Amino acid sequence: AYDTRSVNTKEGIEADEARWMMSQKSTRLRRWIAEAGSWCVLVMGLWLASYPDGHGFEAVGFRWLAVMTPSADCWQSIGAALTVWSTRRVSLIRHSLEATPIQYLGQISFALYVVHEPLLQVFGWVCTGDLAGYFSRAGQDMGFTESDGAAIGMWMAFLFLTPVVVAVADYAWR
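Residues numbered from 1 in each chain as written. Predicted model: local features only at pLDDT ≥ 70, side-chain atom pairs only at ≥ 80, totals over all residues. Heavy atoms only, no water.

K.L.:
I'm lost on a nonpolar patch on the surface in this one. Help?
P.N.:
Taken together, the side chains of L29, W32 and I33 make up a nonpolar region of the molecular surface, amounting to roughly 360 Å² of accessible area. Checked against the element boundaries, I33 lands in helix 1 (residues 10–49). With relative accessibility at 48%, the residue I33 sits in the partly exposed group. (Patch = residues over 30% accessible without salt bridge, like charges linked within 9 Å, V, L, I, M, F, W, Y side chains within 5 Å. Areas by Shrake-Rupley, 256 points an atom, 1.4 Å probe, with all protein chains shown as cover. Salt bridge = Lys/Arg side-chain N within 4 Å of Asp/Glu carboxyl O. Helix = DSSP H or I, 4+ residues; strand = E, 2+ residues; numbered from the N terminus. Buried < 20%, exposed > 50% of the residue type's maximum accessible area, 1.4 Å probe, protein only.)

K.L.:
Please clarify how helix 3 (residues 72–87) should be interpreted in this entry.
P.N.:
In an α-helix, one turn spans 3.6 residues; hence positions three or four apart end up facing the same way. The first and last C-alpha atoms of helix 3 sit 22 Å apart over 16 residues, in line with the 22 Å expected at 1.5 Å per residue. Considered for burial, the residues of helix 3 that qualify are A72, W75, G79, T83 and S86. Buried residues along helix 3 cover an arc of 80 degrees about the axis, so they all sit on one side. Among the exposed residues of helix 3, those oriented more than 90 degrees off its buried face are D73 and V84. Put simply, S71 is the residue that caps the front of helix 3, since its side-chain oxygen is 3.4 Å from the backbone nitrogen of D73. (Expected span 1.5 Å × (residues − 1). Arc of directions from axis to C-beta. Polar contact = N/O pair within 3.5 Å; in protein donor to acceptor, adjacent residues only side chain to side chain.)

K.L.:
What am I meant to see in a positive patch on the surface here?
P.N.:
Residues K25, R28, R30 and R31 make up a contiguous surface patch of positive charge. Structurally, R28 is set in helix 1. (Lys, Arg positive; Asp, Glu negative; His and termini not counted. Charge placed at Lys NZ, Arg CZ, Asp CG, Glu CD.)

K.L.:
Help me out: how do you make sense of the environment of Y113 in this one?
P.N.:
As for its placement among the helices and strands, Y113 is situated in helix 6 (residues 109–142). Look at Y113 and you get exposed, because its relative accessible area is 57%. In sequence terms Y113 and L92 are 21 residues apart; their C-alpha atoms lie 27 Å from each other.

Okay, here's the thing in structure tokens:
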């Protein structure tokens, strides 16, 4: 019950300020607890979603889950649901997913899905193989190992092909 008679007195004003300060501290504490709980649910969801498809009873950290049910589909589904639920409530994740580049990728995602495989089949694997082969041979002349040269070639192909795939997907989306 709020006593309106004490508002005009010095003690009443101080009491109102003290109540207001306590409510602000309480609100901040509740928000912090909610955020921490959402982070815990996110981590639990990601962990459950990583349940191995086969031999979960042999994987460290999943043995006790395999005793309850060895089905990977069960644990991965629960993990996916927890992850989706918590991403809306974890402010860092929510703000990251609301960023303009991520929103744009969400808009063209189906077009990316449709065009990436034909582009990889026509250009991607040839380009990747050629660049990896070239840099693995040239890398020996430049002073690094054949496997490092192949990795550089694959990264070069990735850096070349990704903008091409996104551009074609954008064109298909529009």
